[in-house]
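Each chain, written out:
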Amino acid sequence: MGEVKIVITGPVGVGKTTFVRSVSQTPVVETEEVSSVDIGKSTTTVALDFGTVRVKDVLIRLFGTPGQERFSFMWEDLMEGATGFIFLVDSSDPDSFPRAKRMLQFYTSNYDTPFIVGATKQDLEDVWTPEEIAEYFGLPKWAVRGVVSTDGESARSLLVYFFEILAQKGGGRWID
Amino acid sequence: MDRLKAILQDLVERSSEITAVVLATADGFPVEYASRSGIDVDRQAAVIASLASLASRSTEMVDIGQPEEILVTSQRGRMFVYRVGSRAALGVITAKDITTGLILLKVRQVLPDIAEELEKVLTGGRETV
Ligand SMILES: Nc1nc2c(ncn2[C@@H]2O[C@H](COP(=O)(O)OP(=O)(O)O)[C@@H](O)[C@H]2O)c(=O)[nH]1
Ligand SMILES: [Mg+2]
């Protein structure tokens, strides 16, 4: 039985903590603290989220990052030893896309680790489709998939999808 | 000079072993600081908030209550972190050869004043340094 580390990252408010919470099969570690500025929610992750989940015979250790740039030292620390990362984007908030794009560039320019983009909040109305988001981010269609972080099944299927892609692509360059 | 700055400045000035103090909100913004030399207060505030939160989760998990003091002993100095209620944390950077218990004593003396002033800042809108 193998073990892998997967990092869940992306800007603030996209659903990283929710994703780890809803998919984890063990009690999660959260570092939510009261937000002192208006970020559209009352608390924010200041260090990490941690949970574990088994997919087939693999034990996945999930590490969620803070979303805000001042915690970018955690972005780097948490990537240590990661097999892959899932970059979450809020499909209902196109205003956050430019910042998301810069943050994704931080990851892709510093790491050649495999990743996919999860287009969250697909349960809301009038959201961008995964295809539209792929186009915006300049990614192939297969690299972006819709997800509802609040729904454990949906979150799990994003992980399963990531592992299928990982198995298909094997080594080599991740995205041409 | 506002009172919070004065309290932190006093802490540094009266204790030669303390090189810097940074008061950060629980979500990692600097509120106020005092330092003998230059300090990247924005990054320090974020790290202090992370440390404080992780320490709380660690001690909660093993059911030993909330941390009173977090001590990191490094090659050339020490760093202490104290939670100030649930909304802030205080980082204290010191020289290496110090009586560690003394820092807790000194900080405890001013913590109520810091908490009181902080309350005003947090309710009156956050000021950045
Ligand atoms: N409708 C909907 N809300 C979501 C979804 N994912 C997260 N949220 C909500 O978005 C807010 C921010 O989520 P959070 O997990 O704290 O975001 P983080 O900053 O990325 O960790 C919370 O109110 C969540 O309930 C989703 O897929 N659909
Ligand atoms: Mg979070």
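The structure under discussion appears in the preceding block.
(A) The arrangement of the coordination of the magnesium ion (ligand 2) in detail. All names here are of chain A. At 2.1 Å from the magnesium ion (ligand 2) lie its protein donor atoms, namely Thr-17 (OG1) and Thr-45 (OG1). Residue Thr-17 is located in helix α1 (residues 16–23), and its partner Thr-45 is located in strand β3 (residues 43–55); the two are separated by 28 residues in the primary sequence. Here Thr-17 falls in the buried class, since its relative accessible area comes to 10%. On the basis of relative accessible area, Thr-45 is assigned to the buried category, the value being 5%.

(B) Highlighting the environment of A:Gly67. Turning to its location among the elements, A:Gly67 is positioned in the loop between β4 (58–64) and α2 (72–79). With 38 residues separating them in the primary sequence, A:Gly67 and A:Gln105 have C-alpha atoms 14 Å apart.

(C) Fine view of the pattern of salt bridges. With the rule as written, the count across this model stands at 15 salt bridges over all chains. A salt bridge links B:Arg57 to B:Glu60; the shortest N-O distance between them is 3.0 Å. You can see B:Arg57 and its partner B:Glu60 sitting in helix α2 (residues 41–61), three residues apart, about one turn around the helix. For B:Arg57, a relative accessible area of 17% corresponds to the buried category. Of the residues examined, B:Glu60 reaches a relative accessible area of 38% and is grouped as partly exposed. Residues participating in the shared-partner salt-bridge network are A:Glu33, B:Arg57, B:Glu60 and B:Arg83.

Each value, and the rule that gives it
- Residues numbered from 1 in each chain as written.
- Chains lettered and ligands numbered in written order.
- Predicted model: local features only at pLDDT ≥ 70, side-chain atom pairs only at ≥ 80, totals over all residues.
- Heavy atoms only, no water.
- Donors = N, O, S within 2.8 Å, 3.2 Å for Na, K, Ca; no water.
- Helix = DSSP H or I, 4+ residues; strand = E, 2+ residues; numbered from the N terminus.
- Buried < 20%, exposed > 50% of the residue type's maximum accessible area, 1.4 Å probe, protein only.
- Salt bridge = Lys/Arg side-chain N within 4 Å of Asp/Glu carboxyl O.

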